[in-house]
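Below, each chain spelled out in residue letters.
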Amino acid sequence: MNAELNTTRAIDLREKQIRVAPSLLAADFAQLGEQVSLIERAGADVLHLDVMDGHFVPNISFGPGLIAHLRPHSKMFFDTHLMIAEPARYAEAFAQAGSDLITFHIEVTDKPADVIAEIRKHNCGVGVAINPTTNVDAIESVLPSVDLVLVMSVWPGFGGQSFIDDVLPKVEQLHGMLSHNQRLEIDGGIDPTTIAKAAAAGADTFVAGTSIFGSPDSAEAYRNLCKCAAEAASG
Ligand code: DX5
Ligand code: ZN
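Residues numbered from 1 in each chain as written. Chains lettered and ligands numbered in written order. Predicted model: local features only at pLDDT ≥ 70, side-chain atom pairs only at ≥ 80, totals over all residues. Heavy atoms only, no water.

### Digging into the site of ligand 1
Thinking step 1. Every one of the 20 residues lining ligand 1 counts as a neighbour, but Asp-50, Gly-157, Asp-187, Gly-209 and Thr-210 are closest to it.
Thinking step 2. Between Ser-23 and ligand 1, the recorded distance is 3.2 Å, taken from a side-chain N or O atom to an oxygen atom.
Thinking step 3. Here Asp-187 contributes a side-chain N or O atom positioned 2.5 Å from an oxygen atom of ligand 1.
Thinking step 4. Across the complex, the protein chains shield 99% of the 380 Å² of accessible surface that ligand 1 would expose by itself. (Near = heavy atom within 4 Å. Polar contact = N/O pair within 3.5 Å; in protein donor to acceptor, adjacent residues only side chain to side chain. Areas by Shrake-Rupley, 256 points an atom, 1.4 Å probe, with all protein chains shown as cover.)

### A look at the nonpolar core
Thinking step 1. Counting residues in hydrophobic clusters, the biggest one holds 63 residues, and the most contacted among them are Leu-24, Ile-139, Val-149, Leu-174, Ile-186 and Phe-206.
Thinking step 2. Top contributing element to this core by residue count: helix 8 (residues 218–233), with six residues.
Thinking step 3. Sequence-distant contacts of Ile-139, that is, excluding residues within four places in its chain, are made with Ile-106, Val-128, Ile-130, Val-149 and Leu-174.
Thinking step 4. Ranked by size, the runner-up nonpolar core spans eleven residues in total, among them Leu-101, Leu-148, Met-152 and Val-154. (Core = buried A, V, L, I, M, F, W, Y, C linked by side-chain atoms within 4.5 Å. Buried < 20%, exposed > 50% of the residue type's maximum accessible area, 1.4 Å probe, protein only. Helix = DSSP H or I, 4+ residues; strand = E, 2+ residues; numbered from the N terminus. Contact = heavy atoms within 4.5 Å.)

### Re the pattern of salt bridges
Thinking step 1. If you walk through the whole model with that rule in mind, you get nine salt bridges.
Thinking step 2. Residue Asp-100 pairs with Arg-71 through a salt bridge whose shortest N-O separation is 3.1 Å. With Asp-100 in the loop between helix 3 (87–97) and strand 4 (101–105) and Arg-71 in the loop between helix 2 (64–70) and strand 3 (77–83), this residue pair connects regions lying 29 residues apart in the sequence.
Thinking step 3. The class for Asp-100 is buried, based on a relative accessible area of 2%.
Thinking step 4. Of the residues examined, Arg-71 reaches a relative accessible area of 10% and is grouped as buried.
Thinking step 5. When the shortest N-O distance is used, the salt bridge between Glu-220 and Arg-223 registers 3.6 Å. Taken as a pair, Glu-220 and Arg-223 lie in helix 8 at a separation of three residues, close to a single helical turn.
Thinking step 6. Taking the relative accessible area as the measure of exposure, Glu-220 reaches 39% and is therefore partly exposed. (Salt bridge = Lys/Arg side-chain N within 4 Å of Asp/Glu carboxyl O.)

What follows is the structure in structure tokens.
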């Protein structure tokens with residue numbers, strides 16, 4: 001069974017509803033505070049935080065320090081995506097910085113239960129992520145232990161890439177495997193067209209960076225994505 005999601009935020013991610021999670025990676029780093037407030041005022045209740053270490057992925061983004069600075073200024077659920085080689089080593093730092101859920105990549109460990117235990121130890125929700133060519137059977141054994149599964153629809157490391165349609169069958173497969181209080185998140189290349197495909201396949205949480213923060217009106221772009229996802233999910 002999944003442990004209670006211990007979070008000080010009022011949002012309980014287990015409530016099964018469509019959620020768009022703006023990815024901070026695509027925001028203007030010269031005015032992050034304002035960008036976070038803007039998207040929160042637009043109605044976002046989950047913020048996706050892409051952490052990159054330059055080892056697991058060929059890019060470096062930000063660390064727990066940035067998250068700690070943002071934490072007091074936002075009530076959003078901090079959905080922290082660790083694209084790093086040693087997630088267990090840094091779980092405590094990201095939890096203390098204010099992450100509500102920490103997602104690690106199955107590709108970085110042959111002991112996922114240890115990583116999950118370490119994240120849980122710091123009262124964080126737990127997610128597991130799979131890259132575009134990683135099969136569902138790589139995470140089957142840990143599914144009962146996580147709160148969220150993240151299916152990468154681009155190769156991790158950069159925003160602004162094109163959606164990889166080949167991952168959709170994995171979304172459909174996972175949709176039938178997860179319980180009602182587990183989230184199925186898709187991440188990368190999400191825009192009004194691809195979000196519809198992903199929602200139709202069974203995803204319920206959609207990470208979007210470029211299509212929100214790259215838009216002249218980020219608030220409207222966020223609201224439009226929510227609308228597209230809800231329409232597609234209702235079939
Ligand atoms: C990529 C990240 C994604 C990315 C999404 O490694 O995990 O969250 O920032 O950005 P877009 O929406 O631009 O693909
Ligand atoms: Zn991400």
